[in-house]
Amino acid sequence: MNSNTNHIQTCYKHPNRQTVLRCNQCGRPICLDCAVSTPTGYRCKECIKEQQRRFNNSIPRDYIFAGLIAFILGLAGSYFLIVLRILSGIFALLLGPSIGMLVVKLVRAVTQKRRSSTLNHVTVIAAGIGAGLPLLSNVFRILQSIVVGNFRLLFSNTLEIGWGVAFLVLLCSVILSNMKGFSIRR
Ligand SMILES: [Zn+2]
Ligand SMILES: [Zn+2]
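The rules behind these values
Residues numbered from 1 in each chain as written. Chains lettered and ligands numbered in written order. Predicted model: local features only at pLDDT ≥ 70, side-chain atom pairs only at ≥ 80, totals over all residues. Heavy atoms only, no water. UniProt positions renumbered as here; feature names shortened; annotations may be inferred. Helix = DSSP H or I, 4+ residues; strand = E, 2+ residues; numbered from the N terminus. Donors = N, O, S within 2.8 Å, 3.2 Å for Na, K, Ca; no water. Tetrahedral: all angles 85-135°; square planar, octahedral: opposite > 155°, others 65-115°. Core = buried A, V, L, I, M, F, W, Y, C linked by side-chain atoms within 4.5 Å. Buried < 20%, exposed > 50% of the residue type's maximum accessible area, 1.4 Å probe, protein only. Contact = heavy atoms within 4.5 Å. Salt bridge = Lys/Arg side-chain N within 4 Å of Asp/Glu carboxyl O.

A. Quick look at the UniProt feature "transmembrane region" (unreviewed entry) in the protein chain. According to UniProt, the positions carrying the feature "transmembrane region" (unreviewed entry) are residues 63–82, 88–107, 119–141 and 161–179. End C-alpha to end C-alpha, residues 63–82 measures 28 Å, and it is 100% helix and 0% strand. Measuring from the first to the last C-alpha atom of residues 119–141 gives 35 Å, for a span that is 91% helix and 0% strand.

Structure representation (structure tokens):
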């Protein structure tokens, strides 16, 4: 091999295409069609696939544990808000993000940092269901207060459900944004 061979390297998939690019993982020459741009440079499609396979390494019990953690904490947070009632406005705004972070930390610990986009979705949906369940009692009370014409009760329950929804939305968005950060990094 002399230095001249470097000038006529061709794509390993398309031997008729000359290229100056190389995959920064496996080092094989790649043409522009085969190159995937990553924050650390160009990579071939095979190396990207391999990288994603390694990143999506959740095992079945991860989904069960993540779902349980998210469901229980979402449910607990939502119940806590309903018990506190008057204070629920402030607590909804504080509890949503902090319970969200707690869920992410616990899921990360329990799954030993294994990850997949399905795991993210399972966690968010379980948290949403958990946080949403206690609100059903409010829905029931709202219907009841309409039937008996108690508008004070209607107002307080509507307000409560509003804070409950705020808690749910904050909880889920914090979980989603923090888990996405460690799902797939190209
Ligand atoms: Zn490669
Ligand atoms: Zn190519």
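B. Layout of the coordination of the zinc ion (ligand 1). Within the protein, the atoms that donate to the zinc ion (ligand 1) are C23 (SG), C26 (SG), C44 (SG) and C47 (SG), at distances of 2.3 Å. Because the angles between the four donor atoms bound to the zinc ion (ligand 1) fall within 102 to 116 degrees, the donor set is best described as tetrahedral. Sequence spacing among the residues donating to the zinc ion (ligand 1) works out to C-x2-C-x17-C-x2-C. Here the residue C26 occupies a position in the segment before β1 (35–38), and C47 occupies one in helix α1 (residues 45–55), the gap between them amounting to 21 residues.

C. Spotlight on the nonpolar core. Judged by nonpolar contacts, the single largest core of 21 residues is most densely connected at I99, V103, V107, F167, L171, I175 and M179. The set of elements that each furnish at least two residues to this core consists of α2 (60–84), α3 (88–110), α4 (117–132) and α6 (151–180). Tallying contributions element by element places α3 first for this core, with six residues. With residues near it in sequence (within four places) discarded, I175 still touches G100, V103, V104, T123, V124 and A127. Counting nine residues, the second largest nonpolar core, distinct from the first, contains C23, C31, C44 and C47.

D. Fine view of the pattern of salt bridges. Inspection of the entire model under this criterion finds four salt bridges. A salt bridge links K13 to E46, with the nearest nitrogen and oxygen atoms 3.9 Å apart. Here K13, found in the segment before β1, pairs with E46, found in helix α1; they are 33 residues apart in sequence, far enough to count as distant. Since its relative accessible area comes to 45%, K13 is described here as partly exposed. On the basis of relative accessible area, E46 is assigned to the partly exposed category, the value being 38%. A salt bridge links D62 to R114; its shortest N-O distance comes to 2.8 Å. Here the residue D62 occupies a position in helix α2, and R114 occupies one in the loop between α3 and α4, the gap between them amounting to 52 residues. A cluster of three or more residues bridged by salt bridges with shared partners is formed by K13, R28 and E46.

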